[in-house]
Amino acid sequence: QEVSRNSLAVAMERGRTGGHSASRLFAVVLATVVVTLLGRAAFTPAPSTLSRPSSPSLRSAVILRASKYDPPSDLKAPMFAERTSSGLASQVLSPGKPDGSSPGPSSSVKVQYTGWKSSNGEMFDSTYLKNQPAEFKVNEVIPGWTEGLQLMKAGERRRIWIPGAMAYGEESQEDGSGRPYGDLVFDVELVEVENPGEGIITGFAGALAFLLFLSFAVATFSTPAERSEYDDPRPFGFRPSAATEYSTKASL
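What you see as residue numbers is a count from 1 along each chain, following the sequence as written. With pLDDT at 70 or above as the cut-off, local features in this predicted model cover only qualifying residues; side-chain atom pairs require 80 or more to be listed or tallied, and sums for whole chains, interfaces and linings still use all residues. Water and hydrogen atoms were dropped before computing side-chain values, which therefore reflect all heavy atoms in the structure.

Asks: Could you give me a rundown of the overall build of the chain, with the residues and numbers involved?
Replies: Per the convention used, a helix needs a DSSP run of H or I reaching at least four residues, while a strand needs a run of E reaching at least two, with both numbered from the N terminus. A count of helices and strands for the chain gives six helices and seven strands. Ordering the α and β elements of the chain from the N terminus gives α-α-β-β-β-β-α-β-α-β-β-α-α. Pairs at least 24 residues apart make up 69% of the contacts formed inside the chain by residues separated by at least 6 positions. Approximately 17,700 Å² of the chain is accessible, and the part contributed by carbon and sulfur atoms is 60%. When checking whether two residues touch, look at their non-hydrogen atoms; a contact exists if any pair is within 4.5 Å. Surface accessibility follows the Shrake-Rupley procedure with a 1.4 Å probe radius. Residue values consider only the protein chains on display as shielding.

Okay, structure coming up:
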């Protein structure tokens, strides 16, 4: 009986020892899993919005879209922006209409835009604040706008980075007038384009189409005048003179 009691005590002690070992093992495994997950979250790099995309189709997704008033993250032109020989840089945010026309220097345009200073992101102008698009001729604005608008199509949205020399001047020329000197960035939507002469051509084409329709209607629905049944006009419209008629009667 004493042996049985001793065996039972040993068994219970082994059970407690085994239970503690299992608990410790479970705790170690759980801690390992938690540390691994936290390590991955801490050391996994976030996708960079400034990295150069691998294909042109992804470039539009790389640009962080600004709101109507908030400055874009790329106040300076990124590497993949389109550049002209003058130093103007731009990037299409959304394409224009498939049949949209591009303005020329003497075209009249209607645009919505917001402008910021590239140096500090300060917004200095926006048509959205006025709740009305701006209308002007392409050759009546700063050189950067004149060149940038001619790159666009009607309905297009484009971000344009304009050097100070193509805008109001460099920052060193600041004179307290309130003009935004230095490099500028604009988000521009080309709402409408009116090229010179288009109204005249459209009006002429409309008048010509109306005349053709009128001629067709007259020819189709008008009825020719009826001729007398026994009317037999002389083929050459010859009418004898009075002397000829007298000589004819005398011979009879």
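Having seen the structure, we can now continue with the description.
Asks: Describe a negative patch on the surface, and please don't skip the residues or the numbers.
Replies: The residues that make up patches have over 30% relative accessible area and no salt bridge, and they are joined within 9 Å when like-charged or within 5 Å when they are Val, Leu, Ile, Met, Phe, Trp or Tyr. The working definition used for a salt bridge is a side-chain nitrogen of Lys or Arg within 4 Å of a carboxyl oxygen of Asp or Glu. Two residue types count as positive, namely Lys and Arg, and two as negative, namely Asp and Glu; His and chain ends fall outside the count. Charge placement uses NZ in Lys and CZ in Arg. For Asp and Glu, CG and CD serve respectively. A cluster of like negative charges, contributed by Glu170, Glu171, Glu174 and Asp175, occupies part of the molecular surface. Under the scheme applied here, a residue whose accessible area is under 20% of the maximum for its type counts as buried, over 50% as exposed, and between as partly exposed, the area being computed with a 1.4 Å probe on protein chains only. For Glu170, a relative accessible area of 35% corresponds to the partly exposed category.

Asks: Can you break down the nonpolar core residue by residue, with the values?
Replies: The nonpolar side chains of a soluble globular protein tend to be buried, and buried together. In terms of nonpolar packing, the biggest core is built from 21 residues, with Val109, Val111, Trp145, Leu149, Ile162 and Val188 touching the most fellow members. Residue assignment for this core shows that the elements contributing at least two residues are strand E3 (108-117), strand E5 (134-137), helix H4 (143-149), strand E6 (157-162) and strand E7 (184-194). Among the elements that make up this core, the one with the highest residue count is E7 (five residues). Beyond its immediate stretch of four places on either side in the chain, Leu149 contacts Pro103, Val109, Val111, Phe136, Val138, Val188 and Leu190. Counting residues in each nonpolar core, the second largest holds six residues, with Leu75, Ala81, Ala89 and Val185 among its members. Nonpolar cores were defined as sets of buried Ala, Val, Leu, Ile, Met, Phe, Trp, Tyr and Cys residues, with membership established by side-chain atoms within 4.5 Å.

Asks: I'd like a description of the pattern of salt bridges, backed by residues and values.
Replies: In the structure shown here, the tally under the stated rule is seven salt bridges. Between Asp74 and Arg159 there is a salt bridge, and its shortest N-O distance comes to 2.9 Å. Of this pair, Asp74 sits in the loop between helix H2 (59-62) and strand E1 (82-83) while Arg159 sits in strand E6, and the two are 85 residues apart along the sequence. Like Arg159, Asp74 is buried. Between Glu82 and Arg158 there is a salt bridge, and its shortest N-O distance comes to 3.5 Å. Pair noted here: Glu82 is in strand E1 and Arg158 is in strand E6, with a separation of 76 residues, a long-range link. For Arg158, a relative accessible area of 4% translates into the label buried. Members of the salt-bridge network, linked through shared partners, are Asp74, Arg159 and Asp187.

Asks: Describe the environment of Leu129, and please don't skip the residues or the numbers.
Replies: Its place among the elements puts Leu129 in helix H3 (residues 127-130). In the structure, Leu129 is positioned 16 residues away from Tyr113 in sequence and 10.0 Å away in space, judged by C-alpha atoms. Setting aside anything within four residues of it in sequence, one finds Leu129 in contact with Tyr69 and Met123.

Asks: Talk me through the pairing of E7; I want residue IDs and the actual numbers.
Replies: As paired elements, E3 and E7 share ten bridges and run antiparallel to each other. Bridging from a neighbouring strand, Trp116 pairs with Val185 of E7. In this scheme, strands are said to pair when DSSP sees at least two bridges between them. Examined bridge by bridge, E6 and E7 share six bridges and lie antiparallel to one another. The partner of Trp161 across the bridge, within E7, is Val185.

Asks: Outline unusual backbone geometry, supporting the account with residue identities and numerical values.
Replies: A positive phi angle, near 55°, is found at Asn131, a position not held by glycine. Mapped onto the elements, Asn131 comes out in the loop between H3 and E5. Under the relative-accessibility criterion, Asn131 is labelled exposed at 71%.

Asks: So what about the side chain of Thr127? Which residues, and what values?
Replies: Along the polypeptide, Thr127 turns up in helix H3. The exposure class of Thr127 is buried, given its relative accessible area of 1%. At a separation of 2.5 Å, a polar atom in the side chain of Thr127 contacts the side chain of Gln112. The contact partners of Thr127, leaving out residues within four places of it in the chain, are Val111, Gln112, Tyr113, Gln132, Pro133 and Ala134. Two N or O atoms count as a polar contact when they lie within 3.5 Å, although within protein this holds only if one can serve as hydrogen donor and the other as acceptor, and sequence-adjacent residues are included solely when both atoms are side-chain atoms.

Asks: Explain the layout of surface pockets to me, and be specific about the residues and the numbers.
Replies: Over the atoms, a rolled probe matching the size of one water molecule traces out where space is still vacant. Put simply, the grid is 1 Å and covers the protein atoms alone, a cavity is a trapped set of points that fit a 1.4 Å probe, a pocket is an open set with protein on both sides within 12 Å along at least five of seven lines, and lining residues have an atom within 4 Å of a point. Grid points are joined across faces, edges and corners, and a volume is the space filled by probe spheres set on the points. Looking at the second largest pocket, its volume works out to about 160 Å³. Around the second largest pocket sit Tyr113, Phe124, Asp125, Ala134, Phe136, Val141, Ile142, Trp145, Tyr168 and Phe186, which together line it. Secondary-structure elements contributing two or more residues to the lining of the second largest pocket are strand E4 (123-126) and E5. Think of it as three bins: nonpolar holds Ala, Val, Leu, Ile, Met, Phe, Trp, Tyr, Cys and Pro, charged holds Asp, Glu, Lys and Arg, and polar takes everything else, Gly as well. When grouped by side-chain class, the residues that make up the lining of the second largest pocket number nine nonpolar, no polar and one charged.

In short, geometric facts, not functional conclusions.
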